[in-house]
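# Structural characterization, general
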Amino acid sequence: ALIDQLAAELPDRQRPDVDALRSLDLRDQAAVLRRRYTEAQMDFAAMLAGKVNTAHHGLTHELTASLPTVEAVTTNYDGLFEQAVRATGDSIAVLPMTPDPAASRWVLKLHGDLNHASSMVLTREDYLRLPRSNGALFG
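Analysis parameters
Residues numbered from 1 in each chain as written. Predicted model: local features only at pLDDT ≥ 70, side-chain atom pairs only at ≥ 80, totals over all residues. Heavy atoms only, no water. Buried < 20%, exposed > 50% of the residue type's maximum accessible area, 1.4 Å probe, protein only. Helix = DSSP H or I, 4+ residues; strand = E, 2+ residues; numbered from the N terminus. Arc of directions from axis to C-beta. Contact = heavy atoms within 4.5 Å. Polar contact = N/O pair within 3.5 Å; in protein donor to acceptor, adjacent residues only side chain to side chain. Phe/Tyr/Trp six-rings, centres within 6.5 Å; stacked < 30°, edge-to-face > 60°. Lys NZ or Arg CZ within 6 Å of the ring centre and 35° of its normal. Core = buried A, V, L, I, M, F, W, Y, C linked by side-chain atoms within 4.5 Å.

### Concerning helix α4 (residues 44–52)
Where α4 is concerned, the buried positions are F44, A45, L48 and A49. Viewed end-on, α4 has its buried residues packed into an arc of 130°, placing them on one side of the element. Residues of α4 that are buried in the fold lie against α1 (2–8) and α3 (26–39). With a side-chain oxygen lying 3.2 Å from the backbone nitrogen of A45, the N-terminal cap of α4 falls on D43.

As structure tokens, this is what we get:
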């Protein structure tokens with residue numbers, strides 16, 4: 001659904017054929033869209049962030065945040081877990097983007113963060129660069 005939403009935002013001349021796009025792996029679909037956004041001089045990362053960003057966290061985030069743990073690891077881009085943690089009164093560092101030694105908890109975001117658009121992992125190329133750019137995170 002996210003791919004379909006992103007494709008729909010493109011101007012007609014840049015919009016790929018939906019059937020042809022769906023025949024590709026999801027990571028390759030994202031790469032096609034990123035390229036088309038670049039051709040249209042549109043900000044792919046900003047559009048992606050706008051599609052997945054929300055102001056309200058849900059029950060799952062609250063339940064996860066209520067667990068008596070100091071650390072968490074996720075592949076999510078959004079800040080909903082961080083919102084839920086802050087709602088408990090705890091502070092949280094978002095790694096590797098915004099380390100905070102004074103924070104009482106931390107979350108490691110393996111696939112990036114909406115607030116750091118260039119860090120988001122979506123395409124095959126993004127996945128392939130992870131061992132080079134963030135190899136230590138996977139240890």
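### Side note on helix α6 (residues 80–87)
The set of residues buried in α6 consists of L80, F81, E82, A84 and V85. On its buried side, α6 packs onto α5 (59–65), β1 (71–74), β2 (92–95) and β3 (105–109). Backbone geometry just downstream of α6 places G89 in the positive-phi region, at approximately 100°.

### Considerations on the packing of aromatic side chains
Counted by the stated rule, this structure contains one aromatic pair. Ring geometry for Y37 versus F44: centroids 5.3 Å apart, planes at 70°, classification edge-to-face. Neither residue differs from the other here; Y37 and F44 are each classed as buried. Over the aromatic face of Y127 sits the side chain of R27, whose NZ or CZ is 6.0 Å from the ring centroid.

### Here's the deal with the nonpolar core
L6, L21, L33, F44, M120 and L122 are the most contacted members of the largest nonpolar core, which totals 18 residues. Those elements that place two or more of their residues in this core are α1, α3 and α4. Look past the residues within four positions of L122 in its chain and what remains in contact with it is R27, A30, F44, L48, Y77 and Y127.

Honestly, that's just the spatial picture; any functional story needs more than this.
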